[in-house]
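Each chain, written out:
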Amino acid sequence: MSQDAIKSLENALAQVKQDRRGFLKTLLVGSAVAAVPLMTSEAMAQDGGEEGKKKKKKKKGEGEEGK
Amino acid sequence: MPNPIINPAILLSPVETGYVAYDPIGDKLHQLNPGAALLAELCDGTRSVDDLRALAGPFMPEGSVDAIDRWIDDAMTAGLLTWGGSVSAAHREFSADELFDFASRLKSCGKVQTAFLCLQKTVELKPDHTEAWYKLGDVAQSVGRRAEARIAYEKYLELEPGGDAELEQILVALRGEAPPERAPDRCIQQIYRDFAWHYDSQMREDLQYQGPERLLDVLMPVIGERRDLSILDIGCGSGLAGVALRPLARHLIGVDLSPEMLELARKRNIYDKLEVAEITEWLENTKDSFDVIACCDCLIYFGDLGRIVSAAGKRLKKDGGFVFSMERGDVHPFKLTDTGRYAHHPDHVREAAASAGLSVAELREAFLRMEYGVEVMGLYAALTK
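The residue numbering used here restarts from 1 in each chain and proceeds along that chain's sequence as written. Lettering of chains starts at A and numbering of ligands starts at 1, both following the order in which they are written. In keeping with the model being predicted, local features are shown solely for residues with a pLDDT of at least 70 and side-chain atom pairs are shown and tallied solely at 80 or more, while totals for entire chains, interfaces and linings include all residues.

(A) Examining the overall build of chain B more closely. Broken down by element type, chain B carries 16 helices and 15 strands. Radius of gyration here uses only the C-alpha atoms, and the compact-globule reference equals 2.2 Å multiplied by the residue count raised to the power 0.38. Its C-alpha atoms give chain B a radius of gyration of 28 Å, clearly above 21 Å, the size a compact globule of 385 residues would have. For chain B, the spread of C-alpha atoms along the three principal axes comes to 90 × 40 × 35 Å. Within chain B, the fraction of its 385 residues that count as buried is 50%. Of the contacts formed within chain B by residues at least 6 apart in sequence, a portion of 61% connects residues at least 24 apart. A run of H or I in DSSP becomes a helix once it reaches four residues, and a run of E becomes a strand once it reaches two; helices and strands are each numbered from the N terminus. Counting other C-beta atoms within 10 Å of its own, a residue is labelled buried from 20 upward, exposed at 12 or fewer, and partly exposed in the gap between, with every C-beta atom placed from the backbone. Think of it this way: build a C-beta for each residue from its backbone, and any pair within 7 Å is a contact.

(B) Up close: the environment of B:A183. All names here are of chain B. Residue position: A183 is located in the loop between helix 8 (165-174) and helix 9 (185-195). In this structure, the C-alpha to C-alpha distance between A183 and E166, residues 17 residues apart in sequence, is 8.6 Å. When residues no more than four places from it in sequence are discounted, the contact partners of A183 are Q169, I188, Y301 and G340.

(C) Quick look at the sheet that holds strand 2 (residues 11-15) of chain B. At least two bridges found by DSSP between two strands is the condition for calling them paired. Strand order in the open sheet formed by 5 strands is 1(A)-4(B)-3(B)-2(B)-6(B), with mixed pairing between adjacent strands. Of all the strands in the sheet, just strand 1 (39-43) of chain A together with strand 6 (92-93) of chain B have a single pairing partner and so form its edges.

(D) Layout of the nonpolar core. Judged by nonpolar contacts, the single largest core of 69 residues is most densely connected at B:I293, B:A294, B:L299, B:V309, B:V323 and B:A381. Not counting chain neighbours up to four residues away, the residues in contact with B:I293 comprise B:L232, B:I234, B:A312, B:R315, B:L316 and B:F322. As used throughout, a nonpolar core is a set of buried Ala, Val, Leu, Ile, Met, Phe, Trp, Tyr and Cys residues joined through C-beta atoms within 7 Å of each other. With 66 residues, the next largest nonpolar core counts A:L9, B:L99, B:L106 and B:A132 among its residues.

(E) Structural context of the environment of A:L24. As for its placement among the helices and strands, A:L24 is situated in helix 2 (residues 18-29). On a C-alpha basis, the gap between A:L24 and A:T40 in space is 19 Å, while along the polypeptide they are 16 residues apart. In this structure A:L24 touches A:L13, A:V16, B:P34, B:A37 and B:L38, once residues within four positions along its chain are discounted.

(F) Quick peek at unusual backbone geometry. With an omega of 0°, the peptide bond running from B:H332 to B:P333 counts as cis. With respect to the element layout, B:P333 can be found in the loop between strand 11 (316-328) and strand 12 (334-336).

(G) Examining the domain arrangement of chain B more closely. Domains are outlined according to an automatic or database domain assignment. For chain B, the assigned domains read domain 1 (4-93) and domain 2 (198-384). The C-alpha-based centres of domain 1 of chain B and domain 2 of chain B are spaced at 57 Å.

(H) Just the confidence of the model for chain A, in detail. On average, residues of chain A score 75 in pLDDT, and 67% of them are at 70 or above. In the model of chain A, helix 3 (residues 32-35) of chain A stands out as the element of lowest mean pLDDT, 80, in contrast to strand 1 of chain A, which has the highest, 93. Each residue carries a pLDDT score, the predictor's confidence in it, ranging from 0 to 100.

(I) Main features of the packing of helix 5 (residues 112-125) of chain B against helix 6 (residues 130-142) of chain B. Residue and element names in this part refer to chain B. Angles run from 0 to 180 degrees between N-to-C directions of axes, and those axes are lines fitted to C-alpha atoms, restricted for helices to the stretch in contact. At a closest axis distance of 9 Å, the pairing of helix 5 and helix 6 adopts a crossing angle of 145°. In the crossing of helix 5 with helix 6, the sense of the turn from one axis to the other is left-handed. Counting all contacts with helix 5, which are made through V112, A115, F116, L119, Q120, T122 and V123, the residues of helix 6 involved are A132, W133, K135, L136, V139, A140 and S142. Polarity classes work like this: nonpolar for Ala, Val, Leu, Ile, Met, Phe, Trp, Tyr, Cys and Pro, charged for Asp, Glu, Lys and Arg, and polar for all others, with Gly in that last group. For the contact of helix 5 with helix 6, a count of residues per class yields 10 nonpolar, 3 polar and 1 charged. By definition, any crossing whose near helix is turned counterclockwise from its far helix by less than a right angle is left-handed, and any crossing with a clockwise turn is right-handed.

(J) Here's a closer look at the interface of chain A and chain B. In this complex, chain A contributes 43 residues to the contact, which on the side of chain B involves 53 residues. Taken together, the elements giving at least two residues each to the side of chain A that touches chain B come down to helix 1 (3-13), helix 2, helix 3 and strand 1 of chain A. Across the side of chain A that touches chain B, the residue classes break down as 19 nonpolar, 9 polar and 15 charged. The pairing of strand 1 of chain A with strand 4 (residues 28-32) of chain B spans 5 bridges and is antiparallel. Each residue of the ladder has a partner; that of A:A43, found in strand 4 of chain B, is B:K28.

(K) A look at the confidence of the model for chain B. In this model, chain B carries a mean pLDDT of 93, and residues with pLDDT of at least 70 account for 99%. In the model output, the complex is listed with pTM 0.81 alongside ipTM 0.80.

As structure tokens, then:
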């Protein structure tokens, strides 16, 4: 990110809550691509399949997440 | 024209990749990259789209200013933004407990990467949240973040000292320390005290465990047409292997360290005798001899196989067979994995057999079960006297 871009970013960051400025600046300064706003949206499913399943203890009443 | 504003129903949290947002009405998860997170912060109802373009446009890469309009359109369609009034309104953020519950739900939905991010934030918001540290370690392992898993488990044990023997074993692996000869008794007992009640369903249905069937594949060539055998099932657990062994047995004994698992085995009513004991000691103290000694998915808690193979070899009758399964490893002789279990190199099986004066009748690689959605390969061995 160029010096001009960083100045513009700091100007925008000055408009947000103070406790977020440092956090967002760290994420944004390192990569110009990160500044291009993008989002993903997805429905929360009930069962996400195999990704987190492993041979693991699960206490009674803990639900399904220990799989 | 009203200004864009974050939908007041939305819960937001900063995470290391940007923001995570949850819409409880639409039951939808949104993930915002850093640029979108900044725009979300700016969308507090006081700024028009023109204001947003003027603020964010100058630091965007050349030619990407249209991305602001596109993102606003997308966020409106997804329900993250709405056209609000002209007064400032702060969006709502997750509390630590809300975020923990949300992360638990994400994990159960299979969204482990996002769960990891949310748990990281949970412990940042509430550093004494013991359950969150535990779950963060667990999820960090799921997503391959070993260093974060180690730190999280260490923090959990700091808050709950002496509270988890299994974690202590896992930490040995995560720290890269020299592994103990085998998992401590209290570790195994703890695992199966918590695991027993859902062991069969998790292993058979969720993880497609095939240990007993594949073990039978290496046993049958050893026993040929012989039946009415005296069979010892060491580490018999809930008796899954016993079900496969019973039709071959005149007398079937089961030995296991976990009383809870043995209780399940007892309910099957297939064993002639069941004993709670550590299997190496039991083998070294018994005077009985057996046609077959079977050990299904139990040597995963043993590192060096020398002592157990030797002890089993001494209790085999002539032409008897010691059959067992384990996780196949690439490190010789064995490796303590991040699960707290051991994986063995095939050459170590051959060496242990040779030391015990046994012959390797079968040593094959085959599917054992699933873990984290991928196949775990097992080693199935038949050693004969």
